[in-house]
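# Inside the fold
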Amino acid sequence: MIHVLETWEIKDDYADRVPELMQKMDDLVGPRAHEHPAFLGHATFYQHEQQPTKVWVMYPWRSREEAEDLIGGEEPLLGDFEATYCTGPREISYLNEVPHEHDHDDDH
């Protein structure tokens with residue numbers, strides 16, 4: 001399993017509409033992703049506190065190759081969205097979880 005991290009840069013003119021725009025983007029690509037056999041869970045959206053036009057979208061996926069397959073097919077769906085609302089195309093990063101031990105027994 002990997003984690004896909006998408007970085008979206010929204011144009012300043014739309015800074016006050018980030019939640020609405022991210023929902024619009026998700027409505028465009030979400031159904032196709034949810035049907036993909038490598039789908040492992042829904043995306044989580046994070047808006048940068050210091051730069052409110054920057055949004056990270058993170059989701060688990062079975063493999064990088066399968067994520068690239070899905071993402072490659074999304075370009076036609078997102079072209080108008082990115083041209084209208086974004087400063088450029090989204091940036092995609094692939095993350096592997098780093099194993100670590102928890103040395104303490106916190107109850108929170």
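The present account deals with the structure reproduced in this document. Worth saying up front: this structure is predicted, and the values here are computed from it rather than measured.

## Notes on the sheet that holds strand β4 (residues 91–95)
- The 4 strands are arranged β2-β3-β1-β4 in an open sheet whose pairing can be described as antiparallel. This sheet does not close on itself; its edge strands, each paired only once, are β2 (44–47) and β4. Adjacent strand axes in the sheet meet at a mean angle of 20 degrees, parallel and antiparallel pairs treated alike.
- The sheet contact formed by strand β1 (residues 2–9) and strand β3 (residues 54–61) spans 8 bridges and is antiparallel. Paired with Val4 across the bridge in β3 is Tyr59.
- In this fold helix α1 (residues 18–35) packs onto β1, β2 and β3, with an angle of close to 25 degrees to the strand it touches most, β3.
- Contacts between helix α2 (residues 64–85) and the sheet are confined to β1, β3 and β4, with β1 contributing the most and set at about 15 degrees to the helix.

Conventions used here
- Residues numbered from 1 in each chain as written.
- Predicted model: local features only at pLDDT ≥ 70, side-chain atom pairs only at ≥ 80, totals over all residues.
- Heavy atoms only, no water.
- Pairing = 2+ DSSP bridges.
- Helix = DSSP H or I, 4+ residues; strand = E, 2+ residues; numbered from the N terminus.
- Axes fitted to C-alpha atoms, helices over the stretch in contact; angles between N-to-C directions.
- Contact = heavy atoms within 4.5 Å.

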